[in-house]
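Observations on the model geometry
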Amino acid sequence: SNANWPNIKTTLDSNLQNAVQTMLDNRLAHLSTQNVYNGAVLAVEHTTGEILVWAVAGKKDTNTPGRFIDAVTSPRQPGSALKPFLYSLALNKGWSAATIIDDSPLTESVGNGLHSYQNYSRNFHGPIPLRQALGNSLNIPALKALNYVGVENYLNYLHDFEFKGLNRHPNFYGDGIALGNGEVTLYELVQAYTVFANQGRLQPLTPFPALENSKKILNSEIAFLIGNILSDPAARALEFGENSVLNFPIQTAVKIGTSSDYRDSWAIGFNHR
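A brief look at the structure comes next. Every value quoted in this text rests on a predicted model; they were computed, and no experiment measured them. (Residues numbered from 1 in each chain as written. Predicted model: local features only at pLDDT ≥ 70, side-chain atom pairs only at ≥ 80, totals over all residues. Heavy atoms only, no water.)

1. Focus: helix α7 (residues 186-197)
- In a regular helix each residue adds 1.5 Å, so twelve residues correspond to 16 Å; α7 covers 16 Å between its end C-alpha atoms and thus fits that length.
- With respect to burial, α7 is a largely interior element, eleven of its twelve residues being buried.
- For α7, the complete set of buried residues consists of L186, E188, L189, V190, Q191, A192, Y193, T194, V195, F196 and A197.
- Structurally, α7 contributes buried residues whose contacts are with β1 (39-45), α2 (83-93), β7 (201-202), α8 (220-230), β9 (253-258) and β10 (265-270).
- At the C-terminal side of α7, Q199 shows a positive phi close to 55 degrees. (Helix = DSSP H or I, 4+ residues; strand = E, 2+ residues; numbered from the N terminus. Expected span 1.5 Å × (residues − 1). Buried < 20%, exposed > 50% of the residue type's maximum accessible area, 1.4 Å probe, protein only. Contact = heavy atoms within 4.5 Å.)

2. What about the side chain of T194?
- Position of T194 among the secondary structure elements: in helix α7.
- If sequence neighbours within four positions are ignored, T194 has contacts with H46, R201, L202, Q203 and L205.

3. A short note on the packing of aromatic side chains
- Counted by the stated rule, this structure contains ten aromatic pairs.
- Taking 5.0 Å as the distance between ring centres and 75 degrees as the angle between the ring planes, the aromatic pair formed by F85 and F161 counts as edge-to-face. One end of the pair, F85, is in helix α2; the other, F161, is in the loop between α5 (151-160) and α6 (170-173), and 76 residues separate them in sequence.
- Residue F85 is classed as buried on the basis of its relative accessible area, which comes to 0%.
- Overall, F161 belongs to the buried group, its relative accessible area being 0%.
- On the basis of an interplanar angle of 65 degrees and a centroid distance of 5.0 Å, the ring pair of Y157 and F161 is categorised as edge-to-face. (Phe/Tyr/Trp six-rings, centres within 6.5 Å; stacked < 30°, edge-to-face > 60°.)

Listed below in structure tokens is the structure:
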């Protein structure tokens, strides 16, 4: 290194970083015909919060607006990727994985008109246990879970998970917060999911060798239960099928999310590491 510059020890894994960057760039090239030009991957050691990969891709054409956007830190709607936090609060308040929620058509007034909520498959599944409501990422049960816990309580709860951008009045989000209409960053989302991976402890992310500074914000049994549901292929079979792309060879909790009008697509998960 240059004698005028200090050596900085970072947790980034150069081999893994390069492999993931190549994978991300190849995926973006494959999707370019669908006008998808931006993406990011953040991989961390969730037991310490140490960041192993921070990979960002953007269209290489210098005329493309936004090619310098860091999609790790850009606020976007997480859609269903936020639902595990909602259900963890409902579990904290008294529901169980077996609590029955009715997945039936629901129409509510939004602004000056009526909005009919749908599931991804456009199917409704009737009375269903919370385990399957979360596993299949159903929208009507999520709205009913929000009604159970309250919008303001849920927003305050999300602040505990360090979602700093969700700072508007509860009326700004309304019931849509149950379906992820507020904006968060990939960085915040990955950091928040460490709570489910670490028995209820939030592990702040860092690109430098970690200090012990985690904080307990969720009952460990509830954190375990959320991870158990998200790693259960049977719990998501109604909407995703028995052998979906979300099934992994080792037990892996995984959740996907899609924002309004399919602008953004998210996938986040964790295993024992």
